[in-house]
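What follows is the residue order along each chain.
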Amino acid sequence: AEKYPHSRAAIEALKRAGSHERRIACITNACAEFDHWDDDKRKAEISHGAAGVLSVVLSTTDDDDEIRMLCAALEMTFRGSQILVQTTYHEVGPTVIPLLLRVLGRADSGWVKH
């Protein structure tokens, strides 16, 4: 049996979420799942592509609440040992850094709520 089925389910649900309301619900669920410091669970989330899915969703939205929640969830995927942080960064760094710079630019110009 899979050790962390809820984490995998949260990631899969986010991949399939179509409407804004459904994405918000899925991101909320992902945040609840990812808010921990358990390296074994984090490894499973990384192997299921959590950071990549969050990055893709971030790249497709301009909604302030969605951006805020996605950034929080992304931060959670970077919690863990140095090797887990490196693994996550190598998976999504080239994609997510430009997205985060765009978010910072929006915040800097007052377009996004803090």
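Residues numbered from 1 in each chain as written. Predicted model: local features only at pLDDT ≥ 70, side-chain atom pairs only at ≥ 80, totals over all residues. Heavy atoms only, no water.

Q: Break down the packing of helix 4 (residues 50–59) against helix 6 (residues 82–108) for me, citing the residues and quoting the values.
A: At a minimum axis distance of 9 Å, the contact between helix 4 and helix 6 shows a crossing angle of 25°. In terms of axis orientation, helix 4 runs roughly parallel to helix 6. Two packed elements cross with a definite hand, and for helix 4 against helix 6 that hand is left-handed. Together, A51, G52, S55, L58 and S59 of helix 4 and T88, E91, V92, T95, V96, L99, L100, R102 and V103 of helix 6 make up the contact between the two elements. A breakdown of the residues in the contact of helix 4 with helix 6 according to their chemical character gives 7 nonpolar, 5 polar and 2 charged. (Axes fitted to C-alpha atoms, helices over the stretch in contact; angles between N-to-C directions. Helix = DSSP H or I, 4+ residues; strand = E, 2+ residues; numbered from the N terminus. Parallel < 35°, antiparallel > 145°, perpendicular 65-115°, else oblique. Left-handed = near helix turned anticlockwise from the far one by under 90°. Contact = heavy atoms within 4.5 Å. Nonpolar A, V, L, I, M, F, W, Y, C, P; charged D, E, K, R; others polar.)

Q: Let's hear about the confidence of the model for the chain: which residues, and what values?
A: Should pLDDT be low for a region, the predicted coordinates there are not to be read in detail. Per-residue confidence for the chain gives a mean pLDDT of 90; residues scoring 70 or more make up 96%. Per-element averaging of pLDDT across the chain places helix 6 at the bottom with 88 and helix 2 (residues 20–34) at the top with 96. (pLDDT = per-residue confidence, 0-100.)

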